[in-house]
Amino acid sequence: MPAARLVARCHWSAVVLAALLVFTGSARAEDGYALWMRYVPLPSALAAERSEQLQEIVAPDGTPTQRAAREELVRGLTGLLGHAPTLRTTIAGDSGLILGTPQTSSLIAPLQDELAELGNGGYLIRRMRRDGRDVILVAARQDIGVLYGAFHLLRMLQTGAPLDRLDVRESPRVALRVLDHWDNLDGYVERGYAGRSLWDWQSLPEWRDPRYTDYARANASIGINGAVLNNVNASAWSLAPDYLVKAAALADVLRPYGIRVYLSARFSAPIELGGLTTADPLDPGVQRWWQRKVDEIYSYIPDFGGFLVKANSEGQPGPQDYGRSHAEGANLLADALAPHGGVVMWRAFVYAHDVPADRTTQAYTEFKGLDGAFRRNVIVQAKNGPLDFQPREPFHPLFGAMPRTPLMMEFQITKEYLGFATHLVYLGPLYEEVLQSDTHARGPGSTVAQVIDGTLEGHALTGMAGVANIGNDRTWTGSHFDQANWYAFGRLAWNPHQSARDIAADWAAMTFSPDPAVVQPIVDMMMGSREAAVNYMTPLGLHHLMARGHHYGPGPWVDGGPRADWTSVYYHRADGSGIGFDRTASGSNAVAQYAPAVAARYGDINQVPEALLLWFHHVPWDHRMASGRPLWDELIARYAQGVRQVQAMQKTWATLNPVEPGLARLPLAIDPERHAQIAAYLNIQRREAQWWRDASVSYFQSISSRPLPAGESAPPHPLLYYQSLQFPSAPGDGR
Ligand code: GCV
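Counting starts from 1 at the beginning of each chain's written sequence and moves along it residue by residue. pLDDT decides what is reported in this predicted model: residues at 70 or higher carry local features, side-chain atom pairs at 80 or more are listed and counted, and totals for whole chains, interfaces and linings draw on all residues regardless. Note that the side-chain values use all heavy atoms of the structure and ignore hydrogens as well as water.

**A closer look at the site of the ligand**
Around the ligand lies a shell of 15 residues, among which Glu-190, Lys-310, Arg-347, Lys-383 and Glu-416 are the nearest. We define a polar contact as two N or O atoms separated by no more than 3.5 Å, with the added condition that, inside protein, one atom must be a possible hydrogen donor and the other a possible acceptor, whereas residues neighbouring each other in sequence contribute only through side-chain atom pairs. Asn-233 is positioned such that a nitrogen or oxygen atom in its side chain is 3.2 Å from an oxygen atom of the ligand. Asp-388 has a polar side-chain atom sitting 3.0 Å from an oxygen atom of the ligand. For every accessible area listed, the method is Shrake-Rupley and the probe measures 1.4 Å; residues are considered covered only by the protein chains on display. The fraction of the free accessible surface of the ligand (340 Å²) that becomes covered by protein chains is 96%. In this classification, Asp, Glu, Lys and Arg are treated as charged, Ala, Val, Leu, Ile, Met, Phe, Trp, Tyr, Cys and Pro as nonpolar, and every other residue, Gly included, as polar. Class assignment for the residues of the shell around the ligand results in four nonpolar, three polar and eight charged. Here a residue is considered near a molecule or strand provided that any single heavy atom belonging to it is located within 4 Å of it.

Right under this line is the structure:
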């Protein structure tokens, strides 16, 4: 090992040991509450160097956002450097940190034009000499940019990044970077695996739980600037005055951190709240009702962001109930919001039980023809894939297909179909895979990321939403590693062109330790974890094989019930001859919804990536795969591989065990508390991966009637056993 790295490791090891002793002997437990903002002491030599550079801070405190930036730096530097920095109005010593805007700092004023180029929320961090002093500037056009820059600088300190020749220029590539909370007013979180809702509607508005501020800090640290407070399966009551007062209190807490509040609007609210007999968007009474309601909302929340709407989907009311289009529905709300600067995020997650077409085609069929029909303050929000947040889907065919309409990405951060909170699945690679997909909408290189950031079609209204995985669990997200998914979402919403691996490395360094000997194995675990889940749940393009309703565990046999497209057999179509959904011209022809170059690739069994093979094709069991194996053998091998990948994660994690004797060659990098919980969760994951493998193999063998390939063990139970398992209390079920 190179000497420099060894020294660095010793530094980190010593400090982590010290931190561990402090934690074990004090009330400060590493329970995950601090997220990636732990601000634990830097190694002493580094702390001394940084203390010199950052001995004084000049930061304004005239606005709530300025105070937030200043407080965060004081908090962060105190933790990292071991002592509070000196706050001054001008630099007195040889060096220091200067925060501000052209309005607050004469040193920053000359940068006005450069800062203007970085836009709202943009910032620069620069090291320079000024008046014979060595200064670091965190400068922006607006206060919020300064806050973002302060968090960036803290990240650099936490990850051990060098500060010499510092010249960072950042601006958000996406305007609306929003968390969607599927939280009901009674505190239940739909598809939530981290406890109950963070919002305590009962004690609001009087009690503003300090946790709301920590939520805001975490979001600001990664650039998230919007929160939809309530479930898209919305209650009209969210728009009633009693609840608007409560939402306004939350907006007050979030505002200094640059976060706007949005609400999910129930389309039939004029009937339920207003006593009207219709919610028809073309009805003048309905239009008046929404205008008054919106005016009322702005009287409580002057910077209200707007509405998110799920309409005519899964039983929700919508404009089609009155024979009107999605555009007419969206425009009704857009017109009411426009005078106040609000937007409508209108979801394209629509499908109807009485439409016999392949469910994955329905959103495109509904929306494509509406391109250009939406008001300027409407953004259509499509899920990343055409079905429903599966472990792997192709990108949604609407991306690139509606050039005249701003399209917003909806990712799921909560892991409804990916093992809930107990499976370690880092979603960065999933997000990256979708964002880097080439839509070919304007020729090769027209990535989904370019659709989302508006550069492909020149849209200024851009957005990315993530269905939050946050609840009142002490860890926020139900597990330590699920924090990484919140983190990665925010970073990619800021800039959808970033690398999931780099983001994972930053997160691991801040959350556990910047020691490369810790970061490297953790990043490797994270980067492989999504593929592991795909393998043990839905390999080779299979999808929607989870148990009915709650989606906990395997259910490839799910059949019957209220609708075909809520079953598994609808999607895998396994029979004696093969498996997979034929979405080529000989089947549902969903493939035709993509640009010709993409359709040609996906539609050709010899060109489609194997990862999507069974999404697009019904394939004979004997089909020869790239490995040389027949499909049947490959499928079985993938299931086993998924289990092995989880076992490998367990092994890696064990090497980071701070208490196991004999493993002392690695630094005491992970505190015992978090290490133990993660180890226990990995055990659950391994057991459940095996369950997925056994149940799936057992079921598909009952269909294919083929022997297991050599070396593959028979499932320990008969198929009936797996089919009989019931989980009536599985968390997060829709209701
Ligand atoms: C909020 C899936 C989920 C539902 C969710 C829906 C949606 O169907 O299972 O719980 O409802 O997606 O995104 O609207």
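**A closer look at the UniProt feature "domain: Glycosyl hydrolase family 67 catalytic" (unreviewed entry) in the protein chain**
UniProt positions are given in the numbering used here, feature names are shortened, and annotations may be inferred rather than shown by experiment. Look at the UniProt record and you will see "domain: Glycosyl hydrolase family 67 catalytic" (unreviewed entry) annotated at residues 157–476. Measuring from the first to the last C-alpha atom of residues 157–476 gives 24 Å, for a span that is 26% helix and 13% strand. We count a stretch as a helix when DSSP gives it H or I for four or more residues in a row; a strand needs E for two or more, and each element gets its number in order from the N terminus.

**Comments concerning the packing of helix H12 (residues 428–435) against helix H14 (residues 483–494)**
As a packed pair, H12 and H14 sit with axes 9 Å apart at the nearest point and diverge in direction by 25°. By the criterion of interaxial angle, the relationship of H12 to H14 is roughly parallel. Side by side, H12 and H14 meet where Gly-428, Tyr-431 and Leu-435 of the first sit next to Asn-485, Ala-488, Phe-489 and Leu-492 of the second. Its residues assigned to classes, the contact of H12 with H14 shows five nonpolar, two polar and no charged. Fitting a line to C-alpha atoms yields each axis, with helices limited to the stretch in contact; the angle taken between N-to-C directions then spans 0 to 180 degrees. Small angles under 35 degrees read as roughly parallel and large ones over 145 as roughly antiparallel, with 65 to 115 read as roughly perpendicular and the rest as oblique. Only heavy atoms matter for contacts: two residues are in contact if any of them lie within 4.5 Å across the pair.

**Describing the sheet that holds strand E14 (residues 463–467)**
Spatial ordering of the closed barrel is given by E7-E8-E9-E10-E11-E12-E13-E14, a layout of eight strands whose pairing is parallel. Here the strands of the sheet are splayed against their neighbours by 25° on average, with no regard to which way each runs. Contacting strand E13 (407–412) and E14, H12 crosses the sheet at an angle of about 155° to E13. A pair of strands is considered paired only if DSSP assigns at least 2 bridges between the two.

**What about the UniProt feature "domain: Alpha glucuronidase N-terminal" (unreviewed entry) in the protein chain?**
Taken from the UniProt record, the annotation "domain: Alpha glucuronidase N-terminal" (unreviewed entry) applies to residues 35–153. Helix and strand shares over residues 35–153 are 39% and 24% respectively, and the end C-alpha atoms of the span are 17 Å apart.

**Section: the pairing of strand E3 (residues 95–100)**
Accessibility here uses a 1.4 Å probe with only protein chains present; expressed as a share of the type maximum, an area under 20% marks a residue as buried, one over 50% as exposed, and anything in between as partly exposed. E3 sits mainly inside the fold: six of its six residues count as buried. The two faces of E3 match: Ser-95, Leu-97 and Leu-99 on one face and Gly-96, Ile-98 and Gly-100 on the other face are all buried. Where strand E1 (residues 56–58) meets E3, two bridges bridge the pair, whose relative direction is parallel. Its bridge partner lying in E3, Ile-57 is registered against Leu-97.

**Considering the packing of aromatic side chains**
Classification of ring pairs rests on two measures: the distance between centres of Phe, Tyr or Trp rings, Trp counted by its six-membered ring, which must be within 6.5 Å, and the angle between planes, read as stacked under 30 degrees, edge-to-face over 60 and tilted in between. By the definition in use, this model includes 39 aromatic pairs. Ring plane angle 65° and centroid distance 5.1 Å describe the contact between Trp-36 and Tyr-487, whose orientation is recorded as edge-to-face. A residue pair is termed long-range when its members are at least 10 positions apart, and Trp-36 in the loop between helix H1 (3–25) and helix H2 (44–53) and Tyr-487 in helix H14 qualify at 451 residues. Accessibility expressed as a relative area gives 1% for Trp-36, which makes it buried. Judged by relative accessible area, which is 1%, Tyr-487 ranks as buried. The interplanar angle of 65° and the centroid separation of 5.3 Å between the aromatic rings of Tyr-552 and Trp-691 together place this pair among those described as edge-to-face. Placement of the pair is Tyr-552 in the loop between helix H16 (516–537) and helix H17 (569–572) and Trp-691 in helix H21 (residues 672–704), with a sequence separation of 139 residues. By the criterion adopted, a ring carries a charge over it if an Arg CZ or a Lys NZ lies within 6 Å of its centre and within 35 degrees of its normal. Lying over the aromatic face of Phe-349, Lys-383 brings its terminal NZ or CZ to 3.2 Å of the ring centre. The ring of Tyr-570 is capped by Arg-573, whose NZ or CZ atom sits 4.9 Å from the centre of that ring.

**Thoughts on the nonpolar core**
One finds Trp-290, Phe-307 and Trp-486 to be the most contacted residues of the largest nonpolar core, which totals 227 residues. At eleven residues, H16 tops the list of elements feeding residues into this core. Here the bounds of each domain stem from an automatic or database domain assignment. Two domains each provide a minimum of three residues to this core, namely domain 1 (3–170) and domain 2 (176–511). Ile-91, Ile-108, Leu-124 and Leu-137 belong to the second-largest nonpolar core, a separate cluster that totals 13 residues. Here, the term nonpolar core denotes a set of buried Ala, Val, Leu, Ile, Met, Phe, Trp, Tyr and Cys residues that are joined through side-chain atoms within 4.5 Å.

**Looking at the domain arrangement of the protein chain**
Reports often express the size of an interface as the amount of accessible area lost when the parts come together. By the assigned domains, the protein chain splits into domain 1 (3–170) and domain 2 (176–511). Here the C-alpha centre of domain 2 lies 32 Å away from the C-alpha centre of domain 1. Across the contact, 23 residues belong to domain 1 and 29 residues belong to domain 2. Values labelled buried area give the accessible surface lost by two parts on being combined, using a 1.4 Å probe and summing over both. Here domain 1 packs against domain 2, burying approximately 2,400 Å² in sum over the two surfaces, 59% of which is carbon and sulfur.

**Thoughts on the pairing of E13**
Among the six residues in E13, six count as buried, and that is most of the element. Side chains Leu-407, Met-409 and Phe-411 project from E13 onto one buried face, and the interleaved Met-408, Glu-410 and Gln-412 project onto a second face that is buried too. Relative to E13, strand E12 (residues 378–383) runs parallel, the two being bridged by four bridges. The residue of E13 that forms the bridge with Ala-382 is Met-409. Both E13 and E14 contribute to a ladder of five bridges, which runs parallel. For Met-409, the partnering residue across the bridge sits in E14 and is Met-464.

**Remarks on the environment of Ser-268**
Within the secondary structure, Ser-268 sits in the loop between strand E9 (260–264) and helix H8 (269–272). Separated by 155 residues in the primary sequence, Ser-268 and His-423 have C-alpha atoms spaced 38 Å apart. Not counting chain neighbours up to four residues away, the residues in contact with Ser-268 comprise Ala-279 and Pro-317.

**Regarding the pattern of salt bridges**
For this document, the term salt bridge refers to a Lys or Arg side-chain nitrogen within 4 Å of an Asp or Glu carboxyl oxygen. Under the defined criterion, the tally for this structure stands at 43 salt bridges. The salt bridge involving Asp-214 is made with Arg-217; its shortest N-O contact spans 2.8 Å. With Asp-214 and Arg-217 both in helix H6 (residues 210–221) and three residues apart, the pair spans about one turn of that helix. Judged by its relative accessible area of 7%, Arg-217 is buried.

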